Amino acid sequence: QKEVEQNSGPLSVPEGAIASLNCTYSDRVSQSFFWYRQYSGKSPELIMSIYSNGDKEDGRFTAQLNKASQYVSLLIRDSQPSDSATYLCADFISLGAGGTSYGKLTFGQGTILTVHP
Amino acid sequence: EAQVTQNPRYLITVTGKKLTVTCSQNMNHEYMSWYRQDPGLGLRQIYYSMNVEVTDKGDVPEGYKVSRKEKRNFPLILESPSPNQTSLYFCASSLSEGYGGANVLTFGAGSRLTVL
């Protein structure tokens, strides 16, 4: 069973709309969650991280985490064609003691987002 | 410029011919990792290293070897490549800052490998 599942794509939204990307995870000890954006032919780049329940906003991006439901999402407001990319959700589980950052990052399969003019 | 450098970026090889994909980072990062990316499967971890001489298997280590003799370098070795290792490979590194700094990975540009 895959540990991190993303909503199946591809997702297509019109310019200016809100794009909603969803992710569920199976391991209750997951501590941190990340959203990466990957343009075609490029490497993933981090756009959002979230550690606590609730919402975290950064510009047009809002990450939402619900640990009870094991659910994390990314909302992109006022979507632009330049937002068209694959979005990867990842969870982080520490492998060390005492809150070390050493750990395992597990990625979902990615959701392809297309924003059309 | 802070970066993770992978070489080669593109490689076509034949079954059984040993190859090495190099990875080097200039950020003094302790943690380094290799991933492969295949359509519909996302990024899957092959091996990772928490520091010099400390390596461990990820989710898909079969057919791969790694070494970490220096902090900056983390080569990926395919001793006898097979067609099912045709994939896009990413090296990544991160700075250990404790919980909260967490595992913010910096990725290399990727190496596209084709095994015939």
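Up top is the structure these notes are about.
Reading the values: rules and limits
- Counting from 1, residues in each chain are numbered in the order their sequence is written.
- The lettering of chains begins at A and the numbering of ligands begins at 1, in the order of writing.
- Residues qualify for local features only when their pLDDT is at least 70, as the model is predicted, and side-chain atom pairs are given and counted only at 80 or more; totals for whole chains, interfaces and linings, by contrast, use all residues.
- To obtain the side-chain values, all non-hydrogen atoms of the structure were included, while hydrogens and water were left out.
- Pairing of aromatic side chains requires ring centres within 6.5 Å, counting the rings of Phe and Tyr and the six-membered ring of Trp. Pairs whose planes differ by under 30 degrees are stacked, by over 60 edge-to-face, and all others tilted.
- Secondary structure elements are defined from DSSP: runs of H or I of at least 4 residues count as helices, runs of E of at least 2 residues count as strands, and each element is numbered from the N terminus.
- Note on classification: 1.4 Å probe, protein chains only; a residue is buried when its accessible area is under 20% of the maximum for its type, exposed when over 50%, partly exposed between these limits.
- Here, two cysteine sulfur atoms that lie within 2.5 Å of each other are counted as a disulfide.
- At least two bridges found by DSSP between two strands are what make those strands a pair.
- To get an axis, fit a line to the C-alpha atoms, keeping to the stretch in contact for a helix; angles then go from 0 to 180 degrees between the N-to-C directions.

## As for the packing of aromatic side chains
Then comes step 1: Applying the stated criterion to the full structure yields 10 aromatic pairs over all chains.
Then comes step 2: Measuring from centroid to centroid gives 5.9 Å for tyrosine 64 of chain B and tyrosine 89 of chain B, while their planes differ by 65 degrees, and the two rings are edge-to-face. Note that tyrosine 64 of chain B is positioned in the loop between strand S6 (54-57) and strand S7 (65-66) and tyrosine 89 of chain B in strand S9 (residues 87-94), a separation of 25 residues in sequence. Residues tyrosine 64 of chain B and tyrosine 89 of chain B agree in their burial class; the two are buried.
Then comes step 3: Ring-pair connections join several aromatic residues into one group, and the members of that group are Tyr36 and Phe107 of chain A together with Tyr35, Phe90 and Phe107 of chain B.

## Observations concerning the state of the cysteines
Then comes step 1: Overall, the coordinates contain two disulfides over all chains when judged by the stated rule.
Then comes step 2: Two residues share a disulfide in this structure: cysteine 23 of chain A and cysteine 89 of chain A, whose sulfurs sit 2.1 Å from each other. Taking the sign of the S-S torsion, -75 degrees for the link of cysteine 23 of chain A and cysteine 89 of chain A, the bridge is left-handed. Highlighted residues: cysteine 23 of chain A in strand S3 (residues 19-25) and cysteine 89 of chain A in strand S9 (residues 85-94), separated in sequence by 66 residues.
Then comes step 3: Cysteine 23 of chain A gets classed as buried once you look at its relative accessible area, which sits at 1%.
Then comes step 4: One disulfide in the model links cysteine 23 of chain B with cysteine 91 of chain B; its S-S distance is 1.9 Å. The disulfide joining cysteine 23 of chain B to cysteine 91 of chain B has a torsion of about -75 degrees about its S-S bond and is therefore left-handed. In this pair, cysteine 23 of chain B is assigned in strand S3 (residues 19-25) and cysteine 91 of chain B in strand S9, connecting sequence segments 68 residues apart.

## Considering the sheet that holds strand S7 (residues 61-66) of chain A
All names here are of chain A.
Then comes step 1: Taken in spatial order, the five strands of this open sheet run S1-S3-S8-S7-S6, and their pairing is antiparallel. Unpaired on one side and paired on the other, strand S1 (4-6) and strand S6 (54-58) mark the two borders of the sheet. Neighbouring strand axes in the sheet, compared pairwise and without regard to direction, differ in orientation by 20 degrees on average.
Then comes step 2: By the bridge criterion, three bridges tie S1 to S3 in an arrangement that is antiparallel. Paired with glutamine 6 across the bridge in S3 is cysteine 23.

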